[in-house]
Amino acid sequence: MSDLYLSHVRNWIFKSPPAEWAMRNARELLIGTLKQGPIPLHVAFEMDGNRRFAKSHKIETIEGHHLGFEALARVLEICYKCGVKVVTVYAFSIENFNRPRHEVSGLMAMAKVKLEQLVQHGELLDRYGAGIRVLGERDLIPADVLPYVDRAIEMTKNNKDAVLNICFPYTSRAEMTSAIKATVDEFTTSPRVPNTPFSQSRITQKIRSNKSKRSDSSSPRESSPDPNGKSDVDDSMSSTTALDPDSPPLQSTPVKTAKFQNSESITAETINNHTYTAECPPLDIFVRTSGVTRLSDFMLWQCHENTQIFFLKCLWPEFDLWHFVPILLEWQWRQKKLMEKERDTSRR
């Protein structure tokens, strides 16, 4: 009896109405219990194992990726229901462009389909107020995929309660390179001088000119009509462009040199403000499936001293609530220990 047959039997049993009712109530009870403790604000998933799952179940590779998307939908609902505010997923690496052309084309076609599904059937995102953000090298996205990306972002732009970051196409090295370039531009571009209609010296010269005219007009003399019939308004307008020859000489104004920001003030926070996730809370949990114990150029900058990293042996299409619960429980336990340690330190 093949593994695929057993998988179908298992799915048939779990999808029966009594089983679905029992599982749904068990999930709600479990999630409600988990919400009584601290909840991470930012969780990242490196969705690995779609191809291996397809190979082990003797199905097409692209079908394995489709099952991986279904797992993502399950995980998003679990996270948002628990109270997680930001979920970041590694959808496509820049290095994946080196895969066989037919597989890359299939992944891009699937991206269009899934993004369209998110737009047309976005009940999950709307229910939890989650907005889509696509992080990565936009210039590398094929032209036929870009409209789907922009539509998904536009349709969820008013959802402000949670965030779904889709890294596509992305590597941490590319992100850090972009952040450093933006920081260099910020600290080497001279501040722009605000434009004014007149310089300060010009205004001063005009005031002196008007004072000189008033002193001359105080002496008695005959008034003569203007041969051209110009009004006083015309005279005042023309005087804005022509200065009285008897006015005091114009004093030169020293030119101010542009001041650049001090590069010594650049900190890790400065660079962080230029990363793709600058507006997101710090990364609390990093999860990678398939048993591989490396980060593979994903969220290298965002992983900090308090980020809990979990490497799971299950393949991504198999990931479900029962895999996430132990992760969340261990994170909550570590948070409790960390708070106790900080409390003991403050008492000393």
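What you see is a predicted model, and the numbers here were worked out from it, not measured in a lab. (Residues numbered from 1 in each chain as written. Predicted model: local features only at pLDDT ≥ 70, side-chain atom pairs only at ≥ 80, totals over all residues. Heavy atoms only, no water.)

*Asks:* Explain the overall build of the protein chain to me, using residue names and the numbers behind them.
*Replies:* Scanning the protein chain for helices and strands turns up 12 helices and six strands. Buried positions account for 37% of the 348 residues belonging to the protein chain. A fraction of 82% describes how many contacts in the protein chain between residues 6 or more apart in sequence connect residues 24 or more apart. Counting only carbon and sulfur atoms, one obtains 55% of the accessible surface of the protein chain, whose full area is about 22,000 Å². (Helix = DSSP H or I, 4+ residues; strand = E, 2+ residues; numbered from the N terminus. Buried < 20%, exposed > 50% of the residue type's maximum accessible area, 1.4 Å probe, protein only. Contact = heavy atoms within 4.5 Å. Areas by Shrake-Rupley, 256 points an atom, 1.4 Å probe, with all protein chains shown as cover.)

*Asks:* Now, about the sheet that holds strand S5 (residues 285-288): what can you tell me, with residues and values included?
*Replies:* Strand order in this open sheet of six strands is S3-S4-S2-S1-S5-S6, and the pairing throughout is parallel. Two strands bound the open sheet, and with one partner strand each, they are strand S3 (130-135) and strand S6 (308-311). Strand-to-strand, the axes of this sheet are offset by a mean angle of 15°, without reference to chain direction. One ladder, built from four bridges, connects S5 with S6; its direction is parallel. Counterpart to valine 287 in the pairing with S6 is phenylalanine 310. (Pairing = 2+ DSSP bridges. Axes fitted to C-alpha atoms, helices over the stretch in contact; angles between N-to-C directions.)

*Asks:* Break down the packing of aromatic side chains for me, with residues and values.
*Replies:* For the coordinates displayed, the defined rule picks out 12 aromatic pairs. Relative to phenylalanine 319, the ring of phenylalanine 45 lies with its centre 5.8 Å away and its plane at 70°, an arrangement referred to as edge-to-face. You can see phenylalanine 45 sitting in strand S1 (residues 42-46) and its partner phenylalanine 319 sitting in the loop between S6 and helix H12 (321-347), a full 274 residues away along the chain. Like phenylalanine 45, the residue phenylalanine 319 is buried in the burial classification. Geometrically, the ring pair formed by tyrosine 90 and tyrosine 170 is edge-to-face, given 5.7 Å between the ring centres and 90° between the ring planes. Highlighted residues: tyrosine 90 in strand S2 (residues 86-90) and tyrosine 170 in the loop between strand S4 (162-167) and helix H8 (172-188), separated in sequence by 80 residues. (Phe/Tyr/Trp six-rings, centres within 6.5 Å; stacked < 30°, edge-to-face > 60°.)

*Asks:* Which residues make up H12, and what values go with them?
*Replies:* Helical periodicity: at 3.6 residues per turn, an α-helix aligns residues three or four positions apart in one direction. Over its 27 residues, H12 extends 39 Å from the first C-alpha to the last, a length consistent with the 39 Å expected when each residue adds 1.5 Å. Buried residues of H12: Leu321, Phe324, Val325, Ile327, Leu328, Trp331, Gln332 and Gln335, and no others. (Expected span 1.5 Å × (residues − 1).)

*Asks:* Summarise the nonpolar core; cite the residues concerned and give the values.
*Replies:* One finds Phe45, Tyr80, Val87, Leu164, Phe168 and Phe319 to be the most contacted residues of the largest nonpolar core, which totals 53 residues. With nine residues, the single largest contributor to this core is helix H4 (residues 61-82). The next biggest cluster of nonpolar side chains, apart from the first, holds 12 residues, and it includes Leu283, Phe286, Leu295 and Met299. (Core = buried A, V, L, I, M, F, W, Y, C linked by side-chain atoms within 4.5 Å.)

*Asks:* Which residues make up the pairing of S5, and what values go with them?
*Replies:* On S5, burial covers both faces: Ile285 and Val287 on one face and Phe286 and Arg288 on the other are all buried. Examined bridge by bridge, S1 and S5 share four bridges and lie parallel to one another. Counterpart to glutamate 46 in the pairing with S5 is arginine 288.

*Asks:* Describe unusual backbone geometry, with residues and values.
*Replies:* Proline 169 follows phenylalanine 168 through a cis peptide bond whose omega is -25°. For proline 169, the location among the structural elements is in the loop between S4 and H8. With phi around 55°, lysine 58 is a residue other than glycine that occupies positive phi space. Note on lysine 58: relative accessible area 73%, which makes it exposed.

*Asks:* Go over the pattern of salt bridges, please, and point to the residues and values.
*Replies:* Taken as a whole, this structure holds 16 salt bridges when the rule is applied. Of the charged contacts, one joins glutamate 77 and lysine 81 as a salt bridge, the two residues approaching to 3.8 Å between their closest N and O atoms. Here the residue glutamate 77 and the residue lysine 81 both occupy positions in helix H4, the gap between them amounting to four residues, near one helical turn. The exposure class of glutamate 77 is partly exposed, given its relative accessible area of 28%. Glutamate 77 is the partner of arginine 127 in a salt bridge, and the nearest nitrogen-oxygen pair spans 2.9 Å. Residue arginine 127 is located in helix H6 (residues 123-127), and its partner glutamate 77 is located in helix H4; the two are separated by 50 residues in the primary sequence. Connected through salt bridges with shared partners, the residues Glu28, Glu77, Lys81 and Arg127 form a single ionic network. (Salt bridge = Lys/Arg side-chain N within 4 Å of Asp/Glu carboxyl O.)

*Asks:* I'd like to hear about the side chain of glutamate 46, residue by residue, with values.
*Replies:* Locating glutamate 46 in the fold gives a position in strand S1. The residues touching glutamate 46, leaving out its near neighbours within four places in the chain, are Tyr90, Phe286, Val287, Arg288, Thr289, Arg294, Leu295, Ser296 and Phe298.

*Asks:* So what about the packing of H4 against helix H5 (residues 101-120)? Which residues, and what values?
*Replies:* Where H4 meets H5, the closest approach of the two axes is 10 Å, and the angle between their N-to-C directions is 30°. What the angle tells us is that H4 and H5 run roughly parallel. Here H4 runs over H5; the crossing is right-handed. Of the residues in H5, those in contact with Thr61, Ile62, His65, His66 and Phe69 of H4 are Glu103, Gly106, Leu107, Met110, Lys114, Gln117 and Leu118. Here the contact of H4 with H5 is built from residues that sort into five nonpolar, five polar and two charged. (Parallel < 35°, antiparallel > 145°, perpendicular 65-115°, else oblique. Left-handed = near helix turned anticlockwise from the far one by under 90°. Nonpolar A, V, L, I, M, F, W, Y, C, P; charged D, E, K, R; others polar.)

Limitation: the analysis is restricted to geometry and does not speak to function.
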